[in-house]
Amino acid sequence: MEILQNAGSHRILAIMIGLEGENPLQLIELAGRTAYQSREKITDDSAIKFVEMIRKRGHESVIEHSAMTVEFNNVSRGLTHELVRHRLAAYTQESTRYVDESDFKVVIPPGKDPDEKVVTLEISDRIGAVPSPHIFAVSFGQWMQLNEQMYRGLRIAGWVTEDARQVLPIGIKSQIVITANLREWRHIFELRCAISAHWEIRRVMVNLLREAKERLPVVFDDFVIAKNGKSVKQRRRRQ
Ligand SMILES: Cc1cc2nc3c(=O)[nH]c(=O)nc-3n(C[C@H](O)[C@H](O)[C@H](O)COP(=O)(O)OP(=O)(O)OC[C@H]3O[C@@H](n4cnc5c(N)ncnc54)[C@H](O)[C@@H]3O)c2cc1C
């Protein structure tokens, strides 16, 4: 068992480009100019201005013509459960039905001490007719070790992985790959980088947004990340 703290990370696997070598912005421009029948206006550097114009007008369906695939690592099952609520995306996730979790990793919130004995547990036994309570002070780390022992015990007792998983904690480490178009990514960033988002998904999404802004500034540059990462604001688009 391993405890992970502030370990969630992302890896961009792909950003969709055109078969003729168009970069994502050029691909969006190529598709978008269909509306105006103005492909003759395409030049080597027209895509940035075109995409900016489209985004500022709120004509966001056009940026759906490119997509991004991202892998998330060392995130909890709780995070992935929030992520998969976004319906306009494709997902593939590490399975607790098929993967043996006898040696699991678990995510603890930032600032929490895995060794601090914060909870007192009571387990009652009986010696003859007399109840004999055992009282333990238990830390997060110890509770997870017990959890792992229980899982291993069930496996040894013949429970298959898809049955033994019932005792796994929601903080268990997971890996997930998501593909979504760039408009949906903007929506995901809006919700998951907000102060109201859960700390775990917010942290990985702010880091991903930073990289997305570097790679595709014109698509994401209305999101402004404070230097300390504590707030993400979206500049209002011009009407
Ligand atoms: C801070 C926070 C707290 C939350 N708390 C809870 C909670 O307590 N319980 C809970 O169950 N969920 C909760 N959620 C999840 C939330 O309800 C949404 O399921 C999740 O954020 C996905 O957002 P979405 O539906 O806007 O987007 P997506 O599924 O990503 O869809 C993108 C957009 O497409 C459009 N769209 C997609 N599908 C449809 C459709 N069928 N009909 C019409 N339009 C559609 C909508 O405009 C939608 O905004 C929470 C989310 C956040 C960010």
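The rules behind the values
Residues numbered from 1 in each chain as written. Predicted model: local features only at pLDDT ≥ 70, side-chain atom pairs only at ≥ 80, totals over all residues. Heavy atoms only, no water. UniProt positions renumbered as here; feature names shortened; annotations may be inferred. Helix = DSSP H or I, 4+ residues; strand = E, 2+ residues; numbered from the N terminus. Buried < 20%, exposed > 50% of the residue type's maximum accessible area, 1.4 Å probe, protein only. Contact = heavy atoms within 4.5 Å. Axes fitted to C-alpha atoms, helices over the stretch in contact; angles between N-to-C directions. Parallel < 35°, antiparallel > 145°, perpendicular 65-115°, else oblique. Left-handed = near helix turned anticlockwise from the far one by under 90°. Nonpolar A, V, L, I, M, F, W, Y, C, P; charged D, E, K, R; others polar.

Per an unreviewed UniProt entry, the protein chain goes by the name Flavin-dependent thymidylate synthase and belongs to Candidatus Nealsonbacteria bacterium RBG_13_36_15. In the Sequence similarities (unreviewed entry) part of its UniProt record, the protein chain is described as follows: "Belongs to the thymidylate synthase ThyX family." Per UniProt, the comment on the protein chain under Catalytic activity (unreviewed entry) is "dUMP + (6R)-5,10-methylene-5,6,7,8-tetrahydrofolate + NADPH + H(+) = dTMP + (6S)-5,6,7,8-tetrahydrofolate + NADP(+)".

**Student:** Just give me the short version of the environment of I28, but keep the residues and values in it.
**Tutor:** Along the chain, I28 falls in helix α1 (residues 24–36). Judged by its relative accessible area of 0%, I28 falls in the buried class. For the pair I28 and I63, spaced 35 residues apart in the sequence, the C-alpha separation amounts to 5.9 Å. Sequence-distant contacts of I28, defined by excluding residues within four places in its chain, comprise F50, V51, V62, I63, S66 and L182.

**Student:** Please set out the packing of helix α6 (residues 182–192) against helix α7 (residues 199–215) residue by residue, giving values where relevant.
**Tutor:** Running from amino to carboxyl end, α6 crosses α7 at an angle of 135°, the nearest separation of the two axes being 9 Å. In terms of their interaxial angle, α6 and α7 are classed as oblique. Considering the relative orientation of α6 and α7, their crossing is left-handed. Between α6, through W185, I188, F189 and R192, and α7, the contact on the second element is made entirely by I201, R202, M205, L208, L209 and A212. Here the residues of the contact of α6 with α7 sort into 8 nonpolar, no polar and 2 charged.

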